[in-house]
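# Descriptive structure summary
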Amino acid sequence: MQIVTDRSAAIEALGTLWRIRRFEEAVEDLYGRGMMHGTMHLSIGQEAVPTGACMALRRDDYITSTHRGHGHCIAKGADLERMMAELLAKDTGYCRGRGGSMHIADAATNNLGANGIVAGGVPIAAGAGLSAQMRGTDQVAVCFHGDGAMGEGAWHEGVVLAAMWKLPVVFLCENNLYGMSMSSAKAFPLEQLSDRANGYGIPGVTVDGNDVQAVHDAVETAVARARAGEGPTFIVAETYRWRGHSKSDKNLYRTRDEIESWRESNDPIARFEKSVLEAGTLTEADIQTVRDEVRDDLRGAVQRAAAAPDATPEGLLDAVFAPTTGAAR
Amino acid sequence: MTMQEQRSIHEGLEHPTGLGARPGAETAEMTYAEAIRDALRIAIEADPSVFLMGEDVGRYGGAFGVTGTLVDELGTDRIRDTTISELGIVGLGVGAAMTGMKPIVEIQFSDFTAQAMDQIANQAAKIHFMLGGEANVPLVIRAPGGSGTGAAAQHSQSLEAWFAHIPGLKVVMPASGDDAKGLLLAALDDPNPVMILEHKLLYKQTFEVRTGDVRTPIGKAAVRRTGGDLTIVATGVEVQRSLEAAELLAAQGIQATVVDPVTLTPLDSATILAEVVKTGRVLLVQEAVQTGGFMSEVSAIIAESEAFVHLRAPIRRLSGLDVPIPYAPQLEKAVVPQVDDIVVAATALVKEW
C-alpha cells in the first residue's frame, strides 16, 4: 500500500499518528494533574511503528502488545473513550477498572491485549498464529515487543516454536534503544538486532521505525509471507522513546542532548507530514483538518470517560472465572 | 492367578474399591494412562478445536506412555510434538485458547511448570479478569506430580499449593482412572484454564473407568468411604493410601471416612465440612511438604467454620517432610506419608482424643 502518495491512506495514517500522540499527551496531563492513578508507559516518539504496521493488517488479524501499548491499541482500532475510561478507573473502561493501562485488550479488533510482563505476548502471539494455522484461516498475528524483550526466555521459546511450525506471525521489535535503562546496543552485541533472526532460521529485517511507509512495507512483506504459509519474520523498527520508561524515570542513563536530537530531527509525525506535503498528497489545510478532528475526538473521549461511573468492587469475586456453560460437546 | 491379580502384584498395590467408576455409565477396566488417552481420543475426535501439544507426546508416546500410539490415530497436527520449551508450550496454548482453540498442553513433569510459570500465573490465570472479560483462556494443562519413582528432587514434587494460590486457575487432582478421564473431559467444557495434576504412580494402575464421553464435575468433592470415628481428607495418591489405611484401621475397630476434594480450586468446602462434623476428628493427608501446603488451607477453613465446635480433637496434618524429595528409595519413602504413617496418625487421633 502506498501511504505517502495516496490521499485516503495518508489521511488515515496521519489521523492514527496524531490520535496516539494526543492520547499519550492527554494521559500525561491527567496524570500530572493527579486525575490518573498508577503508572504509565508513554509511546510518544514511537507512533510510526504501530501506525505503519497496523495499516498492513486486516481487522481480523491479531496483535499482542506490551506495557507501552496505547499506540498499538489505537492503531488496531480501539475505542479512545473506553481506553481513557479504563485509565480513569471507570466501569465503562475496557477492563472495567480491573486492568488499567497495561492490560487493555479489544476483542472487536482481535487485539489480544497489552501485557505487563516483558515478552509475555511473544508465545501468546505464536499461539494465535498456531490457532489460525490449525483453523485454516489466513489470519496473521503481529507481536509488538520492545528491545528489552530480546533478553527474555519467552522471546526465544515463542520464536523457536513459531519457526519450527512456520506459524503466521510477525515479531515486530520496537527498538527504542533502551530496555528501561539498559542500552540495547550494550546488551546485545550484534551489528543489527535483526541479525538475531539468523539463529532461528527466519528472515530478519531492520527498518527506520520513524518512517510510517518503511514500517508498513516491511510488515506488509512479512504478512504476505506469513499468509502464504512461509512462516514468521523478525522485524526491528528503530525508534526512540521521548519520555522516560515510566513516571519514576529520571533519565539518568541518557543525555538531554540525545533526547532533544531525536525530538528535533526525527519526530515521526513531523517527518510524515513533511513527506506527504512534499509528495503533494496533502496540503497544510488537510493536515490541520486531521489535527483538529483528532483534537475534538480526544477531547470528547476524555470528557465522556471522565463523566462515566466509577468502577466498583461489586462482582469482583465473580469476575475471576468466566461462567461455565455446561457440556461443550 | 487372574490377570488382575498379576497386575496388582506387578504394581504392588491392590485395586481400592473406593476409587472405582462413578455411577451412570458402562465401565471397562483400564489403566489411569489409558483412561486419559481415552479422554483425549474422545475429545479430539468430537471437537476440531481440541488438540494436545507437549514434549514427546507423538511417536515417543509420552514420557509416561499416556499418548501411546494416539498419534497414529489422530495425526501429528492434533497430537503435536513440541521442542523442549515449557514456557513456549503453555504460552502458545494461551494464545491458541484465546483465539478459538481448546488446547491441552502436557508438561512432562509438574516440576517443569517452574519454567512456564509466567504463562501459567501471570497470563493464563489472569487474562479473563484483568482484561475485563474481553478474552477467555480455555486451556487445559496436564502435568504429573508426586514422588515414588526415584527421580529425586526436580522430578518428584507435589506443587498443588503453588497453583491453588493463583486466582483464576482451576486445579484438580484425579485420584482414580475414572476421574482422570472425567476431569479431563470436564476441563474441556470449561472456559477457564484448568491445571490437572496427575500422579505418576497411578499411570500404570488399573481402574474401573466409565466408557464414552463422561464427566467428573469440577468443584465437587468425593466421599470415597464412610466411617464414624474420624474423617481423613486426602489428595492425589494419598487418597489411595488413605483408603488402604482405612481398611487396616477397620481391622482394629476404627472406622474412617475418606474424603477426596478432587478439585482444589474451586474447593467443595461444604462436603468436607459436613464429613468433619459427622466424626469430630480430622486427619489431613498430603504428599506435598507441610509448610504452606494446601492442607493448611483446608485446616484453616475447618477452624474458621462452624465445624470447629464439633471437633473432639485438634486438626491433624500428615504431610511430606519439609525437604526436597531425596533419591534413595528408603529416603524417598520416608519423607512422604505412607499407608502405615496414616494408620499410626489416625490411631493416635482416635485413641488420644
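Note that the structure is predicted; figures quoted are calculated from it, not measured.

Cut-offs and rules
Residues numbered from 1 in each chain as written. Chains lettered and ligands numbered in written order. Predicted model: local features only at pLDDT ≥ 70, side-chain atom pairs only at ≥ 80, totals over all residues. Heavy atoms only, no water. Helix = DSSP H or I, 4+ residues; strand = E, 2+ residues; numbered from the N terminus. Buried < 20%, exposed > 50% of the residue type's maximum accessible area, 1.4 Å probe, protein only. Contact = heavy atoms within 4.5 Å. Areas by Shrake-Rupley, 256 points an atom, 1.4 Å probe, with all protein chains shown as cover. Lys, Arg positive; Asp, Glu negative; His and termini not counted. Charge placed at Lys NZ, Arg CZ, Asp CG, Glu CD. Arc of directions from axis to C-beta. Buried area = accessible area lost by both parts, 1.4 Å probe. Salt bridge = Lys/Arg side-chain N within 4 Å of Asp/Glu carboxyl O. Pairing = 2+ DSSP bridges. Axes fitted to C-alpha atoms, helices over the stretch in contact; angles between N-to-C directions. Domains from an automatic or database assignment. Phe/Tyr/Trp six-rings, centres within 6.5 Å; stacked < 30°, edge-to-face > 60°. Lys NZ or Arg CZ within 6 Å of the ring centre and 35° of its normal.

### Observations concerning the overall build of chain A
Each helix and strand counted, chain A has eleven helices and seven strands in total. Considered along the principal axes of its C-alpha atoms, chain A spans approximately 60 × 50 × 40 Å. Across the 329 residues of chain A, 56% fall into the buried class. When contacts within chain A are restricted to residue pairs at least 6 apart in sequence, those whose partners lie at least 24 apart make up 73%. Accessible area of chain A: about 13,000 Å², with a carbon and sulfur share of 50%. Of the charged side chains in chain A, 33 are positive and 44 negative, and the gap between their average positions amounts to 3 Å.

### Things to note about unusual backbone geometry
Omega for the peptide link from T265 of chain B to P266 of chain B comes to -5°, which places this bond in the cis form. Here P266 of chain B shows up in the loop between strand 12 (263–265) and helix 9 (269–279). One non-glycine residue, K166 of chain A, adopts positive backbone phi at about 50°. Along the chain, K166 of chain A turns up in the loop between helix 6 (153–164) and strand 3 (169–175). The phi torsion at L177 of chain A lies on the positive side, around 80°, for a residue other than glycine.

### Examining helix 10 (residues 294–303) of chain B
Think of an α-helix as turning once every 3.6 residues; residues three or four places apart then point the same way. Residues and elements named next belong to chain B. Every buried residue belonging to helix 10 is among F294, M295, V298, S299 and I302, and all of these are buried. The buried residues of helix 10 occupy an angular sector of 150° when the element is viewed end-on, so they sit on one face. Those residues of helix 10 hidden inside the fold are in contact with helix 6 (160–164), strand 10 (230–234), strand 12, helix 9, strand 13 (282–289) and strand 14 (316–320).

### Things to note about the interface of chain B and chain A
In this assembly, 50 residues from chain B lie in contact with 44 residues from chain A. Between chain B and chain A the total buried area reaches about 3,800 Å² when both faces are included, carbon and sulfur atoms providing 65% of it. For the pair chain B and chain A, the interface holds three salt bridges. Two residues, R329 of chain A and D213 of chain B, come together in a salt bridge whose shortest N-O distance is 3.0 Å.

### A few points about the sheet that holds strand 14 of chain B
Residues and elements named next belong to chain B. Strands sit in the order 9-11-10-13-14 across an open sheet of five strands; the sheet is mixed. In this open sheet, the two strands that pair with only one neighbour each are strand 9 (222–225) and strand 14. Adjacent strand axes in the sheet meet at a mean angle of 25° when their direction is disregarded. In this sheet, strand 13 lies alongside strand 10 in parallel orientation, the contact comprising four bridges. Its bridge partner lying in strand 13, T231 is registered against V282.

### Thoughts on the pairing of strand 2 (residues 50–54) of chain B
Residues and elements named next belong to chain B. Counting buried positions along strand 2 gives five out of five residues, so the element sits mostly inside the fold. Across five bridges, strand 2 lies against strand 4 (residues 102–106) in parallel orientation. Bridge pairing in strand 4 places G54 opposite E106. As judged from the three bridges shared by strand 2 and strand 3 (residues 79–81), these two strands associate in the parallel manner. Residue pairing across strands places L52 opposite I79, the latter belonging to strand 3.

### Observations concerning the domain arrangement of chain B
All names here are of chain B. Domain boundaries in chain B define domain 1 (3–210) and domain 2 (222–352). Computed from C-alpha atoms alone, the centre-to-centre distance between domain 1 and domain 2 is 25 Å. The partner domain 2 presents 28 residues to the 32 residues of domain 1 that form the contact. Buried surface at the junction of domain 1 and domain 2, summed over both partners, amounts to about 2,300 Å²; 57% is from carbon and sulfur atoms. It is S147, E160 and M173 that lose the most area in domain 1 upon contact with domain 2, and together they represent 19% of the buried surface on that side. The interface formed by domain 1 and domain 2 contains one salt bridge.

### What about the packing of aromatic side chains?
Under the counting rule described, the total for this entry stands at ten aromatic pairs over all chains. Measuring from ring centre to ring centre gives 5.2 Å for F64 of chain B and F109 of chain B, while their planes differ by 65°; the resulting arrangement is edge-to-face. With F64 of chain B in the loop between strand 2 and helix 3 (70–74) and F109 of chain B in the loop between strand 4 and helix 5 (117–130), this pair connects stretches of sequence that are 45 residues apart. Judged by relative accessible area, F64 of chain B falls into the partly exposed class, the value being 24%. A relative accessible area of 13% places F109 of chain B in the buried class. For the ring pair F109 of chain B and F112 of chain B, a centre distance of 5.3 Å and an interplane angle of 50° mean the geometry is tilted. Across from the ring centre of F129 of chain B, 5.9 Å away, lies the NZ or CZ of R98 of chain A, which sits over that ring. Against the face of W155 of chain A rests R196 of chain A, its NZ or CZ located 5.1 Å from the ring centre.

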